Amino acid sequence: MIKRLWARLSESFAPKPASIETGNVPRHVAIIMDGNGRWAKKRGLPRMAGHHSGMKTVKRITIAADRLGIQYLTMYAFSTENWKRPKAEVDFLMKLPQQFLEIELDELIANNVQVRMMGSRDNLPQHTIHALEEAVSKTAGNTGLVLNFALNYGSRMEMLDAIKHIALDVKNGKLDAEAIDEDAMSSRLLTNDIPDPDLLIRTSGELRLSNFMLWQLAYSEFWFTDVYWPEFTEKHFHEAIETYQRRGRRYGGL
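Since we're looking at a predicted model, the values are computed, not measured.

How do you make sense of the packing of aromatic side chains when you look at a structure like this?
To describe a pair of aromatic rings, you give the distance between the ring centres and the angle between the ring planes. Overall, the coordinates contain seven aromatic pairs when judged by the stated rule. The interplanar angle of 80° and the centroid separation of 6.1 Å between the aromatic rings of Phe222 and Phe224 together place this pair among those described as edge-to-face. With a relative accessible area of 27%, Phe222 lands in the partly exposed category. On the accessibility criterion, Phe224 (30% relative accessible area) is partly exposed. Cluster of aromatic residues (ring-pair linked, three or more members): Tyr76, Tyr153 and Phe212.

Okay, structure coming up:
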């Protein structure tokens, strides 16, 4: 029943453009979901309304990514810097993962989506941690799209932690200093078991990375749009994929 509902909802979306090459979709897409507050302000609504509307876009783009055969979708949900926002807004943001998963978890399970979370659990409310841990546990055996939420995540903190682990391993004789290479670093990051993003999408017209996956995005393709996250549709997502497919990825070569 749930799988049929997901399929009907998926069919109601814009069809996959014929110009998208099925065999050349990015394996991993990362998204900085930006502009919720500005979208709400533009409509005379409280910022919280923008965040709530943005939650619906997460489902819409998850379905679109799944339909295209994308294997990993990482969503930047809350950064280590977002704690600077007003407490009422932070408290609301901390409730969104629970609300989203309460509504969508059964569909995610039925459609073979695996939920993951990367980031620090420090300072996260217990209800947020519980909702995420439940979703991760219940979908751990799924083999389809990996929906990876970056929550209380900061790339500089992630890299510093990796460097500390490397230093400790060298100190304890587990790693020779001469053997430190990119693999040694990558294997100690929170993304150690998933590929680096092929494509980064950022909404709302901002042209910066905002401390997001700085190591992993070294050779990713970037796609920016002025569209706010709550109004980002599958058509915009398809446009990003089409642009990605027209680019040549040389990784520093010719």
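Whenever I open this one, the packing of helix α3 (residues 47-68) against helix α4 (residues 87-110) confuses me. Can you help?
Axis angle and axis distance: for two packed helices, these are the angle between their axes and the distance between the axes, and together they describe the pair. It is the contact of α3 with α4, at a shortest axis distance of 10 Å, that shows an interaxial angle of 30°. Between α3 and α4, the angle is such that the two are roughly parallel. The way α3 lies across α4 gives a crossing that is right-handed. Together, Arg47, Met48, His51, His52, Met55, Val58, Lys59 and Thr62 of α3 and Ala88, Glu89, Phe92, Leu93, Leu96, Gln99, Phe100, Glu104, Glu107 and Leu108 of α4 make up the contact between the two elements. Partitioned by chemical class, the residues of the contact of α3 with α4 number nine nonpolar, four polar and five charged.

Rules behind the numbers
- Residues numbered from 1 in each chain as written.
- Predicted model: local features only at pLDDT ≥ 70, side-chain atom pairs only at ≥ 80, totals over all residues.
- Heavy atoms only, no water.
- Phe/Tyr/Trp six-rings, centres within 6.5 Å; stacked < 30°, edge-to-face > 60°.
- Buried < 20%, exposed > 50% of the residue type's maximum accessible area, 1.4 Å probe, protein only.
- Axes fitted to C-alpha atoms, helices over the stretch in contact; angles between N-to-C directions.
- Helix = DSSP H or I, 4+ residues; strand = E, 2+ residues; numbered from the N terminus.
- Parallel < 35°, antiparallel > 145°, perpendicular 65-115°, else oblique.
- Left-handed = near helix turned anticlockwise from the far one by under 90°.
- Contact = heavy atoms within 4.5 Å.
- Nonpolar A, V, L, I, M, F, W, Y, C, P; charged D, E, K, R; others polar.

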